[in-house]
Amino acid sequence: NMASPALLMRVVASAYSVSEKAATIVRSVMAAGDLGIVEKTGANDLQTKADRLVQMSICASLARKFPKVTIIGEEELPSDEVTDELIEDGHCEEILKKTCPAQYTGIKEEELVIWVDPLDGTKEYTEGLLDHVTVLIGIAYKGKAIAGVINQPYYNYEAGAGAVLGRTIWGVLGMGAFGFQLTEVPAGKHIIITTRSHSNTLVNDCISALNPDSVIRVGGAGNKIIQLIEGKASAYVFASPGCKKWDTCAPEAILHAVGGKITDIHGNSFQYSKDVKHMNSAGVLAALRNYDYYASRIPNTVKQSLVP
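Residues numbered from 1 in each chain as written. Predicted model: local features only at pLDDT ≥ 70, side-chain atom pairs only at ≥ 80, totals over all residues. Heavy atoms only, no water.

In the annotation of an unreviewed UniProt entry, the protein chain is listed under the name 3'(2'),5'-bisphosphate nucleotidase 1 and assigned to Cuculus canorus. Comment text from UniProt for the protein chain, heading Cofactor (unreviewed entry), reads "Mg(2+)". The Sequence similarities (unreviewed entry) comment attached to the protein chain in UniProt states, word for word, "Belongs to the inositol monophosphatase superfamily." (UniProt positions renumbered as here; feature names shortened; annotations may be inferred.)

The structure is reproduced here in structure tokens:
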């Protein structure tokens, strides 16, 4: 008789299916043509019908299964009853079959915090840059990101009619990450990936100081971490506030599960307890390999301008 899977594995297995449901909502809102865009704080801070529906779907689906887990999402939610078609009750069997890392076997529901970004890269979504878009579900324990799911609803969307659309990447610390091919940037190449729509002098000064071979500007924190783990970029550098805990939790777990590192610009770890402030006010620095090389080259002027 097999022992029932550890809570963490059940949460990750459910989050996997919940993210796939989220992806179908993201694609159907886009296909229907009315995105229902509202500006939150300005033209670079948008919310669409997809953000709202997906958040309702993810939070309600996970809360039904794991009522004592704290779930924190980007969007403010109306307290309406969530309709049944938004609920995803399934789970990924393959994840349940894997052995939970020993250090996480005793976790209780009330010790977990789930950080949800229902649609990371909203601005890009509204502009049709669909490969930038991700759905992020990060799972934290004792303030640390320990597991995550990144769904890319439009992965492969440029591959033509017969292509399978979308993919789900997931990972657990101490186990690894799955759903993609881990690749490193060629040795000696320094390709920096950074923000597309939130640039400023500080952001650009910081990048110049790293003397990169090239700079990629894209939307979405989830998307940037995928570029790191697939060998398209060597470091993600963002010398500005603006990124939030729900942007970094899932990507951090996946990056750390494959031996990478993400911190703020000062090198401090991000904290994911339920009572932390939501803003990562001291920016982001991440790399799959050679994190120390990039960290050592961040100018002091940049560090002094960003207060944790």
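Once the structure has been displayed, the description carries forward.
Draft legend 1. Seen up close, the environment of Ile226. With respect to the helices and strands, the residue Ile226 is situated in helix α6 (residues 221–229). Sequence separation between Ile226 and Thr134 is 92 residues; the distance between their C-alpha atoms is 9.9 Å. Setting aside residues no more than four positions away along its own chain, Ile226 makes contact with Thr134, Ile150, Gln152, Arg167 and Ile169. (Helix = DSSP H or I, 4+ residues; strand = E, 2+ residues; numbered from the N terminus. Contact = heavy atoms within 4.5 Å.)

Draft legend 2. Spatial organisation of the pattern of salt bridges. Under the definition given, this model contains ten salt bridges. Between Lys40 and Glu75 there is a salt bridge whose closest N-O contact spans 3.0 Å. One end of the pair, Lys40, is in strand β1 (residues 38–42); the other, Glu75, is in the loop between β3 (70–73) and α3 (93–96), and 35 residues separate them in sequence. Across the pair Asp84 and Arg64 runs a salt bridge, and its minimum N-O distance is 3.9 Å. Taken together, the residues span a long stretch of sequence, with Asp84 in the loop between β3 and α3 and Arg64 in helix α2 (residues 49–65) at a distance of 20 residues. Given a relative accessible area of 59%, Asp84 falls into the exposed group. One salt-bridge network, in which partners are shared between bridges, spans Lys40, Asp45, Glu74 and Glu75. (Salt bridge = Lys/Arg side-chain N within 4 Å of Asp/Glu carboxyl O. Buried < 20%, exposed > 50% of the residue type's maximum accessible area, 1.4 Å probe, protein only.)

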